[in-house]
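# A look at the structure
What follows is the residue order along each chain.
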Amino acid sequence: MEKKIKVFSALTIFIIIVAAITALCITGSKDLAPVKNVRMAKNSENSISLAWDEVNKADGYYVYNLDSDANKYVKLGASKGKENCKFEIKDIPSASVYKIKVLAYRTFMKKEYLSEKAKEYTVYSNPSKPSLSAFSGGKGVLSMEWNDQDNLTGYDIQYSKNSDFAEYKNEQINDGATRNFSVKDLTAGDVYYTRVRSYMNVNDKLIYSQWSDTQQVTIYDKDINIGKVDPNKPMIAFSFDDGPAYDYNGSNSTKRILAVLEKYNARATFFMVGERVNDETKHLLDKEIQLGCELGNHTFSHNHYGSQVTASDISKASKQIEKISGKAPTMFRCPGGIIASTIRKECEKEGMPLAYWSVDTEDWRSKDAGKVYKNITRYAYDGSIVLMHDIYPSTADAVERVVPELVAKGYQIVTVSELIAAKTGENPKAGNQYVDYKTINNNTH
């Protein structure tokens, strides 16, 4: 009996010791020190590389980011291995701010234990380098426009008569939504160099992007509607009738055309049918305005042609376009092209020149992208006005093919008003109908 008691006592003591050791191990596993010194080892416009100090006994680390909408931390990923104290956040938008927490973890007896008291750290991707377009927007005016970016606080602008910016004037725009800026009352004929960089505010510290590529501009001596055009280079005016297009089979031909124009810093005149201009197509007009395209009037319902078009057909369309876009159309094209004195008088009243065309792609007839492309490349010339219709996917196909080829050959793709102003030195005159930049057809029927 005494022997059994001794064995039982020994077993009990052994169990107690094992339990104590196990408890100590569990306690040690739970007792992970907080992760310290989380930092950006490197960052770029689209990535953030994190690093931190190693935590004793950790098997790895979890990285969390604060979801501000849900007001909770969401796991971004894991860094496995005791000495693997790094993590990369990839393929993210520029100027993105992250509120990061890093927790160490250890696994013991199939259970996972996390460190506590994690400190929040702010990290960010850099703002992207702006894409700048600069031009003389009129007599004595230096105008600048740049691409759309998100999450920015503002922009820093420099303009100078020195290409090395040894001396310059500086303007700071404290509005990240701004996309343009103009300087007025400059001396005509002077050459200016300009550049812009974006910035974001992170914990009261300004983080700047790289400077944009420098743009050179000669200040015009006439207040004409040249916009971004270089009068010394060849140009073709693209014009599109009958839009805006509605979405069809998950695509939109007007939207596709605008994407091409934006990619190649080109513009066009869109002669729109008033009844197609509504809340559903407003985003297309907004984009046209943003890109510097010209809004044109193509009557309200397109149910009258040539000399049968009435003053009401024109005025009703103008009012609808201005109501939806906030801008009145600046040019008119008559369905069928032929005009009457009543049409001319209404356009004079509304301050609109009229546009005919010198190259008819006949895209409405063929609906064949290859034929449209061929008609443009074969017949378009410096100073010509090309007629197309943005409601056909085949026309969008042709535009996607022909624009890069024309640009590669040195052509500028411009609006009708820009073409006439750049080629003649004068704005197109209200009531005049232009076949190309030099041909005015004022005959009426």
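Figured I'd write up the structure that's included with this text. (Residues numbered from 1 in each chain as written. Predicted model: local features only at pLDDT ≥ 70, side-chain atom pairs only at ≥ 80, totals over all residues. Heavy atoms only, no water.)

## As for the pattern of salt bridges
- This model, assessed by the stated rule, comprises 13 salt bridges.
- Between Arg197 and Asp156 there is a salt bridge, with its nearest N and O atoms 3.1 Å apart. In this pair, Arg197 sits in strand S14 (residues 191–202) while Asp156 sits in strand S11 (residues 154–160), placing the two residues 41 residues apart along the sequence.
- Put simply, Glu262 and Lys287 hold a salt bridge, and the shortest N to O gap is 3.1 Å. In this pair, Glu262 is assigned in helix H2 (residues 253–263) and Lys287 in helix H3 (residues 282–290), connecting sequence segments 25 residues apart.
- Residue Lys287 is classed as partly exposed on the basis of its relative accessible area, which comes to 24%.
- A network of salt bridges, in which partner residues are shared, links Arg256, Asp397 and Glu400. (Salt bridge = Lys/Arg side-chain N within 4 Å of Asp/Glu carboxyl O. Helix = DSSP H or I, 4+ residues; strand = E, 2+ residues; numbered from the N terminus. Buried < 20%, exposed > 50% of the residue type's maximum accessible area, 1.4 Å probe, protein only.)

## Considerations on the packing of H2 against H3
- Their axes nearest at 11 Å, the elements H2 and H3 cross at an angle of 15 degrees. With respect to their mutual orientation, H2 and H3 come out roughly parallel. In this structure, H2 meets H3 at a crossing whose hand is left-handed. Where H2 approaches H3, its residues Thr254, Lys255, Leu258 and Glu262 are matched on the opposing element by Leu284, Lys287 and Glu288.
- When the residues that make up the contact of H2 with H3 are grouped by side-chain class, the tally is two nonpolar, one polar and four charged. (Axes fitted to C-alpha atoms, helices over the stretch in contact; angles between N-to-C directions. Parallel < 35°, antiparallel > 145°, perpendicular 65-115°, else oblique. Left-handed = near helix turned anticlockwise from the far one by under 90°. Contact = heavy atoms within 4.5 Å. Nonpolar A, V, L, I, M, F, W, Y, C, P; charged D, E, K, R; others polar.)

## A closer look at the layout of surface pockets
- A volume near 230 Å³ is recorded for the second largest pocket.
- Grouping the constituent residues of the lining of the second largest pocket by class yields six nonpolar, four polar and four charged. (1 Å grid on protein atoms, 1.4 Å probe; cavity = no way out; pocket = protein on both sides within 12 Å on 5 of 7 lines; lining within 4 Å. Points joined across faces, edges and corners; volume = space filled by probe spheres on them.)

## Thoughts on the nonpolar core
- In this structure, Phe238, Phe240, Leu261, Phe270, Ile376, Val386 and Met388 are the most contacted members of the largest nonpolar core, which totals 33 residues.
- Breaking this core down by element, the ones donating at least two residues are strand S17 (235–243), H2, strand S18 (269–272), H3, helix H4 (311–325), helix H7 (369–379), strand S23 (385–389) and helix H8 (393–408).
- Core analysis: the second largest hydrophobic core is formed by 22 residues, Val183, Tyr192, Met200 and Ile219 among them. (Core = buried A, V, L, I, M, F, W, Y, C linked by side-chain atoms within 4.5 Å.)

## Points about the pairing of strand S6 (residues 97–108)
- Where strand S3 (residues 60–67) meets S6, six bridges bridge the pair, whose relative direction is antiparallel. The partner of Tyr62 across the bridge, within S6, is Leu103.
- Bridge count for S6 against strand S8 (residues 121–124) is four bridges, and the pairing is antiparallel. What sits directly across from Val97, in S8, is Tyr124.
- Bridging between S6 and strand S7 (residues 111–114) involves four bridges; their strand directions are antiparallel. The residue of S7 that forms the bridge with Thr107 is Glu112.
- Linking S6 to S7, which pair antiparallel, is a turn of two residues; within it Met109 sits at a positive phi near 50 degrees. (Pairing = 2+ DSSP bridges.)

The analysis is restricted to geometry; functional conclusions fall outside its scope.
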